[in-house]
Amino acid sequence: TNQIIQDILARNDKTEITVAAGRQVFWNSKHIFESEKLYKAIYCDYKKPLFCQANKIVAELPNYETALEIAISDVKDIADSVTLSNDEDGVAEWLVKNVLISM
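Residues numbered from 1 in each chain as written. Predicted model: local features only at pLDDT ≥ 70, side-chain atom pairs only at ≥ 80, totals over all residues. Heavy atoms only, no water.

Asks: Give a description of the pattern of salt bridges that names residues and reports values.
Replies: Evaluated as defined, the whole model comprises 3 salt bridges. Of the charged contacts in the structure, one is a salt bridge between Lys14 and Asp13, with a shortest N-O distance of 3.9 Å. What makes Lys14 exposed here is its relative accessible area of 61%. The closest approach of N and O atoms between Glu93 and Lys97, which form a salt bridge, is 3.0 Å. Here the residue Glu93 and the residue Lys97 both occupy positions in helix α3 (residues 90–100), the gap between them amounting to 4 residues, near one helical turn. Overall, the relative accessible area of 54% leaves Lys97 in the exposed class. (Salt bridge = Lys/Arg side-chain N within 4 Å of Asp/Glu carboxyl O. Buried < 20%, exposed > 50% of the residue type's maximum accessible area, 1.4 Å probe, protein only. Helix = DSSP H or I, 4+ residues; strand = E, 2+ residues; numbered from the N terminus.)

This is how it looks when you write it as structure tokens:
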């Protein structure tokens, strides 16, 4: 979990990351407190390691517009790239090819 977060932030330190670990949610966005759903989320700048196993990591990567293969054609038409579906681990594949490997 921590290495993935650090790799993503090394690529672009402005990336907004939300990590879900069981019933805990961590984030590094200053405006996320505005969300009613995440009012119990814990702010974290990820400079120190998280001591939990994440079951979900969501990253909003600036300057990347990628659509899943299952997206409607209007979305795919304006995307910079298209990756596999969720069932085929498309997001993970895209991250490995475009963020983690290209560092």
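The discussion continues.
Asks: Explain the nonpolar core residue by residue, including any values.
Replies: Within the largest apolar cluster, 14 residues are counted, with the highest numbers of intra-cluster contacts made by Ile5, Ile17, Val19, Phe26, Tyr46 and Leu50. The set of elements that each furnish at least two residues to this core consists of α1 (2–11), β1 (16–21) and α3. Dropping the residues within four chain positions of it, Val19 is found in contact with Thr1, Ile5, Gln24, Val25, Phe26, Tyr46, Leu50, Ala54, Lys56 and Ile57. (Core = buried A, V, L, I, M, F, W, Y, C linked by side-chain atoms within 4.5 Å. Contact = heavy atoms within 4.5 Å.)

Asks: Please set out the sheet that holds β1 residue by residue, giving values where relevant.
Replies: Pairing is mixed across the open sheet formed by 4 strands, whose spatial order is β3-β2-β1-β4. Either end of the sheet is taken by a strand with one partner, and the two such strands are β3 (42–43) and β4 (56–60). (Pairing = 2+ DSSP bridges.)

Asks: Pulling in residues and values, what's your account of the pairing of strand β2 (residues 24–27)?
Replies: Where β1 meets β2, 4 bridges bridge the pair, whose relative direction is antiparallel. By the bridge assignment, Val19 is partnered in β2 with Phe26. Linking β1 back to β2 in an antiparallel pair, the connection comprises 2 residues, with Gly22 at a positive phi of about 65°. Summarising the sheet, β2 and β3 pair through 2 bridges and their orientation is parallel. What sits directly across from Trp27, in β3, is Tyr43.

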